[in-house]
Amino acid sequence: TRIPAAFAVLFVGCFLSADEPKKSIRPKTILVIRHAEKPESGPDLNEAGKKRAEALIGLFKKSDTRPDPFPLPDFVFAAASEKSDRSFQTVTPLAKSLNLEVRHEIKNNDFAVLADELLSKPKYDGKTVLIAWHHGKMPELVHALGVDPQPKKFDDGVFDRVWVVTFDAKGQAKLADLPQALMPGDAKK
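Residues numbered from 1 in each chain as written. Predicted model: local features only at pLDDT ≥ 70, side-chain atom pairs only at ≥ 80, totals over all residues. Heavy atoms only, no water.

S.K.: How would you sum up the overall build of the protein? Please name residues and give values.
M.R.: The helix and strand tally for the protein stands at five helices and six strands. For the protein, the proportion of its 189 residues judged to be buried stands at 40%. (Helix = DSSP H or I, 4+ residues; strand = E, 2+ residues; numbered from the N terminus. Buried < 20%, exposed > 50% of the residue type's maximum accessible area, 1.4 Å probe, protein only.)

Here it is as structure tokens:
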């Protein structure tokens, strides 16, 4: 019996593609920040938080104090919360200045949904993603992105850190904890 040519090509193609290594999808850089400063009570940023939100563009600009700026984000996410809009408020001025949409439909506790999206959708491959999240879930978020061991949560009064997640050639996630150094009193290291 003869095998139709189309079937033979499909049959051989299956064996050839099985030998090719599957390319993993990884953003180039994921920047994770906590929402900016908050008042004692209420869902919004306080005045210091509003100033930090306006100053965030400074993370991405070269200056005397920042000779190596962070890479500009291609995508911006903010945690959705029933109790607070602070994550969204923190990144909105930056997103507007970069003409980017802020995705804020993923709930704070659903960090695994965000991690899965970033690590499975080709549109994020090789891109830079900025995420503003509530600090209580940030360790679990970066762990879901592949950082191991899971880092410790930082103190409640800390608003000036950037967790930078990068991936090596084997796809292993690495975490760097760097200062924002945007506002008076921010950590320098």
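The discussion continues.
S.K.: Give me the packing of aromatic side chains: which residues, what numbers.
M.R.: Tallying each qualifying case throughout the model produces three aromatic pairs. Where Phe75 meets Tyr124, the ring centres are 4.8 Å apart and the plane angle is 70°; that geometry is what we call edge-to-face. Taken together, the positions of Phe75 in strand 2 (residues 75–78) and Tyr124 in the loop between helix 4 (111–120) and strand 4 (128–133) put the pair 49 residues apart, joining distant regions of the chain. Within the aromatic cluster, the residues linked to one another by ring pairs are Phe75, Phe77 and Tyr124. The ring of Phe167 carries Arg26 above its face, with NZ or CZ at 5.5 Å from the centroid. (Phe/Tyr/Trp six-rings, centres within 6.5 Å; stacked < 30°, edge-to-face > 60°. Lys NZ or Arg CZ within 6 Å of the ring centre and 35° of its normal.)

S.K.: Let's hear about the pairing of strand 6 (residues 173–179): which residues, and what values?
M.R.: Remark: a regular strand shows side chains that alternate across the two faces of the sheet. In this structure, strand 5 (residues 161–167) lies alongside strand 6, joined through seven bridges in antiparallel fashion. Note that in strand 6 the partner of Phe167 across the bridge is Ala173. Here strand 5 folds back onto strand 6, and the loop between the two strands holds five residues, one of which, Gly171, carries a positive phi near 85°. (Pairing = 2+ DSSP bridges.)

S.K.: Before we move on, could you go through the nonpolar core and cite the residues and values that matter?
M.R.: In this structure, Ile30, Val32, Leu114, Leu118, Ile131, Trp133 and Leu141 are the most contacted members of the largest nonpolar core, which totals 24 residues. Among the elements of the structure, strand 1 (29–34), helix 4, strand 4, helix 5 (138–144) and strand 5 are those that each provide at least two residues to this core. For this core, the element with the highest residue contribution is helix 4, accounting for five residues. Not counting chain neighbours up to four residues away, the residues in contact with Leu114 comprise Phe77, Ile106, Ile131, Trp133 and Leu141. Grouped together as the second largest cluster of nonpolar side chains are 16 residues, Ile33, Leu59, Val91 and Val162 included. (Core = buried A, V, L, I, M, F, W, Y, C linked by side-chain atoms within 4.5 Å. Contact = heavy atoms within 4.5 Å.)

S.K.: Go over the sheet that holds strand 4 with me, naming the residues and quoting the values.
M.R.: An order of 3-2-4-1-5-6 is seen for the six strands of this open sheet, with the pairing classed as mixed. Strand pairing shows two members of the sheet lacking a second neighbour, strand 3 (102–103) and strand 6, which therefore form its edges. Packed on one face of the sheet, helix 3 (residues 86–98) meets strand 1, strand 2, strand 3 and strand 4 and runs near 145° to strand 4. Set on the sheet, helix 4 makes contact with strand 1, strand 2, strand 3, strand 4 and strand 5; between it and strand 4 the angle comes to about 175°. (Axes fitted to C-alpha atoms, helices over the stretch in contact; angles between N-to-C directions.)

S.K.: Break down the pattern of salt bridges for me, citing the residues and quoting the values.
M.R.: Considering all chains together, one arrives at nine salt bridges under this definition. We note a salt bridge from Glu47 to Lys50, for which the minimum N-O separation is 3.4 Å. Here Glu47 and its partner Lys50 are both found in helix 2 (residues 47–55), three residues apart, which amounts to about one turn of the helix. Where Glu105 meets Arg103, a salt bridge forms, and the shortest distance between an N and an O atom there is 2.4 Å. Assessed through its relative accessible area of 18%, Arg103 is described here as buried. Ionic contacts of the salt-bridge type, sharing partners, join the residues Arg34, Lys38 and Asp156 into one network. (Salt bridge = Lys/Arg side-chain N within 4 Å of Asp/Glu carboxyl O.)

S.K.: Can you lay out the side chain of Asn108 for me, pointing to particular residues and giving the numbers?
M.R.: Along the chain, the position of Asn108 falls in the loop between strand 3 and helix 4. The class of Asn108 is buried, set by a relative accessible area of 15%. One polar contact links Asn108 to Trp133, side chain to side chain, over a distance of 2.9 Å. If sequence neighbours within four positions are ignored, Asn108 has contacts with Ala79, Ala80, Trp133, His134 and Lys137. (Polar contact = N/O pair within 3.5 Å; in protein donor to acceptor, adjacent residues only side chain to side chain.)

S.K.: Break down helix 3 for me, with residues and values.
M.R.: Each α-helix winds once per 3.6 residues, and so residues spaced three or four apart point in a common direction. The terminal C-alpha atoms of helix 3, which comprises 13 residues, lie 19 Å apart, in line with the 18 Å expected from a rise of 1.5 Å per residue. If you look at helix 3, its biggest bend is around 35°, right at Thr92, and the proline Pro93 turns up within four residues after that. Listed in full, the buried residues belonging to helix 3 are Arg86, Ser87, Thr90, Val91, Thr92, Leu94 and Ala95. One or two steps after helix 3, the chain reaches Asn99, where phi turns positive at roughly 60°. (Expected span 1.5 Å × (residues − 1). Bend = angle between axes of the 7 residues up to and from the residue.)

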